[in-house]
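Chain and residue survey
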Amino acid sequence: MRMTLRKILGVMVTLGTLSSFLASAAVAGNLIVSVSNKKGESLENAVVMLTPQFTLSTPVVAADSPEMRQEGALFSPFVLPVKVGTKVSFPNFDEFRHHVYSFSKTKRFELRLYGKDETNFITFEKPGIVALGCNIHDNMLSYIYVTEAPIMKKTDANGTATLTDLEPGQYKMEIWHPGVKRKGMPTPKIITIADGNRSESGQLDLRRVWGIQTQPAEGQY
Ligand SMILES: [Cu+2]
């Protein structure tokens, strides 16, 4: 069967569109950030934030009501980074009640005694640090870090945050950690993301004493 010129052109156009689509989909960068303290020890729970210095072709959609759980008389996660304007849920998975509060300037609130399978919601409108505690369990401590940056990732136990599928271009990179001294905050850095992997590192100056969350002893909750 003979193909008409029109059909051949049609196939060519389709192939052209497909290859340009594949090309644009394939061009994406990954950023691997290693965060450590001044002694060079890896830091878990550091928040790496990226703000594109250009308009993204696909805007980042913020997570829909991320959770700050109460489970086993602990908050989980210990650090929760969220974008400004995010509504966070506070579900209680324990058999007993919690009374969650924050005295932080960024957001003052109190979730009065509430029990198992109850969920509260709080919206965080201002950027900054929100330290959370519980009136009943002194050991409970966690942080919500509210940022204007649309892209964020926490470092894992190895002190590494891997941010994938980044559109090539310039980004402002910032790093925060709950133990950081105010003056120890690294200066934001402008980095260029191109196709492929790029590695960055950040070193943070930590306070000598900063809160960590410890599991209460058996029978103490
Ligand atoms: Cu509690």
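Residues numbered from 1 in each chain as written. Predicted model: local features only at pLDDT ≥ 70, side-chain atom pairs only at ≥ 80, totals over all residues.

**Here we look at the overall build of the chain**
If you tally the helices and strands in the chain, you get 1 helix and 16 strands. In the chain, of all internal contacts separated by at least 6 residues, the share reaching a separation of at least 24 is 69%. (Helix = DSSP H or I, 4+ residues; strand = E, 2+ residues; numbered from the N terminus. Contact = placed C-beta atoms within 7 Å.)

**Quick word on unusual backbone geometry**
Following serine 76, the chain continues into proline 77 via a peptide bond in cis, with omega recorded as 5 degrees. Along the chain, proline 77 turns up in the loop between β4 (74–76) and β5 (79–83). The backbone of serine 65 shows a phi angle near 30 degrees, a positive value even though the residue is not glycine. Counting through the fold element by element, serine 65 comes out in the loop between β2 (47–52) and β3 (69–71). We classify serine 65 as partly exposed; it has 15 C-beta atoms within 10 Å. (Buried ≥ 20, exposed ≤ 12 C-beta atoms within 10 Å, placed from the backbone.)

**Structural notes on the sheet that holds strand β1 (residues 29–37)**
Strands sit in the order β13-β1-β16 across an open sheet of 3 strands; the sheet is mixed. The open sheet is flanked by β13 (160–166) and β16 (196–204), the only strands paired with a single partner. Along the sheet, successive strands turn relative to each other by an average axial angle of 20 degrees, direction set aside. Sheet analysis places β1 next to β16, joined by 9 bridges and oriented parallel. Paired with leucine 31 across the bridge in β16 is arginine 198. (Pairing = 2+ DSSP bridges. Axes fitted to C-alpha atoms, helices over the stretch in contact; angles between N-to-C directions.)

**Digging into the confidence of the model for the chain**
This prediction gives the chain a mean pLDDT of 88; 86% of its residues lie at or above 70. Note that pLDDT drops below 50 for residues 15–20; the model gives that stretch 0 contacts with residues more than four away or on any other chain. (pLDDT = per-residue confidence, 0-100.)

**With respect to the sheet that holds strand β7 (residues 98–102)**
In spatial order, the strands read β5-β11-β10-β7-β8; together these 5 strands make up an open sheet with mixed pairing. A single partner strand is all that each edge strand has here, and the edge strands are β5 and β8 (109–114). Each strand axis lies, on average, 20 degrees off the axis of its neighbour in the sheet, ignoring direction. Examined bridge by bridge, β7 and strand β10 (residues 128–134) share 2 bridges and lie antiparallel to one another. What sits directly across from valine 100, in β10, is cysteine 134.

**Brief notes about the environment of asparagine 120**
Relative to the elements of secondary structure, asparagine 120 occurs in strand β9 (residues 119–124). Once you skip the residues sitting within four places of it in the chain, asparagine 120 turns out to touch Phe90, Leu111 and Tyr114.

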